[in-house]
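Take a look at the letters that make up each chain.
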Amino acid sequence: VIWIIGRSNLGEYYASRSTSWEVFKQQLTDRRVLRPATVGVFMASDARGVPPMMVHQAERIRAMPETVMLVTVRFDHVPWIPPSERLAEVTDLGDGFHRVIARYGFMQQPKVPRVVLTAGKRIGLTLQPSELTYYLGRESFVGSRAGKMGPMTESIFGLLTRNAMPA
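The sections below set out a description of the structure shown in this document.

Analysis parameters
Residues numbered from 1 in each chain as written. Predicted model: local features only at pLDDT ≥ 70, side-chain atom pairs only at ≥ 80, totals over all residues. Heavy atoms only, no water. Axes fitted to C-alpha atoms, helices over the stretch in contact; angles between N-to-C directions. Helix = DSSP H or I, 4+ residues; strand = E, 2+ residues; numbered from the N terminus. Parallel < 35°, antiparallel > 145°, perpendicular 65-115°, else oblique. Contact = heavy atoms within 4.5 Å. Pairing = 2+ DSSP bridges. Buried < 20%, exposed > 50% of the residue type's maximum accessible area, 1.4 Å probe, protein only. Polar contact = N/O pair within 3.5 Å; in protein donor to acceptor, adjacent residues only side chain to side chain. Core = buried A, V, L, I, M, F, W, Y, C linked by side-chain atoms within 4.5 Å.

A short note on the packing of helix H1 (residues 2-17) against helix H6 (residues 151-163)
- Two numbers describe how H1 lies on H6: the axes approach to 10 Å, and their chain directions differ by 90 degrees. On the basis of the axis angle, H1 is roughly perpendicular to H6. Where H1 approaches H6, its residues Ile2, Trp3, Gly6, Arg7 and Leu10 are matched on the opposing element by Thr153, Ile156, Phe157, Leu160 and Thr161.

Pasting the structure below:
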C-alpha cells in the first residue's frame, strides 16, 4: 500500500513539474540549444509532456540531438503481447522529435533497442545501434515532514525505493 501511494504521489509531483511541448520547443530556440546530427533515445515513464531528463539536458548542456525518440514502455494486464502488436504508437511531434509507445505483457522483458530500430524504420530512418545514445533519468526520493504521507511512511517508501530494481 505504501509503495502504490508513494509511486502515485511521485507521479503527481513529476507531472506538476513537467514542461509542455510548446514551452520546451520555445526554450530550445530562446536558449540557442545546439542540435548536433545525432539520435537520442530518451526514456519517458509518462507519455505526456517532456521528461525531466530532457529538460535538464537542454538547460545544463545546451545541446539536444537532432533526432529525438521519446520511448515509453507500457505493461498491459495480460501475460504476453504478440511481436506484431508491441509497437503501439509512433507519433511525429515535429522538429525531429518522435514519441514511441511500446506495449508488453507483464511476463515479458522489454527489448527497447529493438523497439527503437522498428520505430526508426516506421518513420523512415535507418538507425545503427552503435550510433544511438540512450538517456535515462534517475529518481531520488527524500522523505520529509512536508510530504503528503507523513515522516514515518515516507521513510518506509524511501527505503523501498532505494531497494527496488532500477529501470
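As for the sheet that holds strand E3 (residues 87-94)
- Taking strand neighbours across the sheet as the criterion, the five strands line up as E3-E4-E2-E1-E5 in an open arrangement whose pairing is mixed. Taken across any chain shown, the strands that pair with only one partner, and hence form the sheet edges, are E3 and strand E5 (132-135). With strand direction ignored, the average angle separating the axes of adjacent strands in the sheet is 20 degrees.
- Sheet topology places strand E2 (residues 67-76) next to strand E4 (residues 97-105); nine bridges connect them, and they run parallel.

Digging into the environment of glutamate 12
- Mapped onto the fold, glutamate 12 is located in helix H1.
- Among the residues examined, glutamate 12 registers a relative accessible area of 41% and is labelled partly exposed.
- Sequence separation between glutamate 12 and phenylalanine 141 is 129 residues, and the spatial gap between their C-alpha atoms is 14 Å.
- A distance of 2.9 Å separates the side chain of glutamate 12 from the side chain of lysine 148, its partner in a polar contact.

So, the pairing of E3
- In this structure, E3 lies alongside E4, joined through six bridges in antiparallel fashion. Opposite glycine 94, over in E4, you have phenylalanine 97 as the bridge partner.
- Following E3, the chain reverses through two residues before pairing antiparallel with E4; aspartate 95 in that reversal takes a positive phi of roughly 55 degrees.

Examining the nonpolar core
- Counting 15 residues, the largest nonpolar core has Met69, Val71, Val100 and Val116 as the members making the most contacts within it.
- Elements supplying a minimum of two residues to this core: strand E1 (39-43), E2, E3, E4 and helix H5 (112-122).
- Counting residues per element, this core draws most heavily on H5, which supplies four residues.
- Setting aside its immediate chain neighbours within four residues, valine 71 contacts Val41, Phe42, Met43, Ala44, Val100, Val112 and Val116.
- Core analysis: the second largest hydrophobic core is formed by 14 residues, Val33, Met54, Val68 and Phe97 among them.

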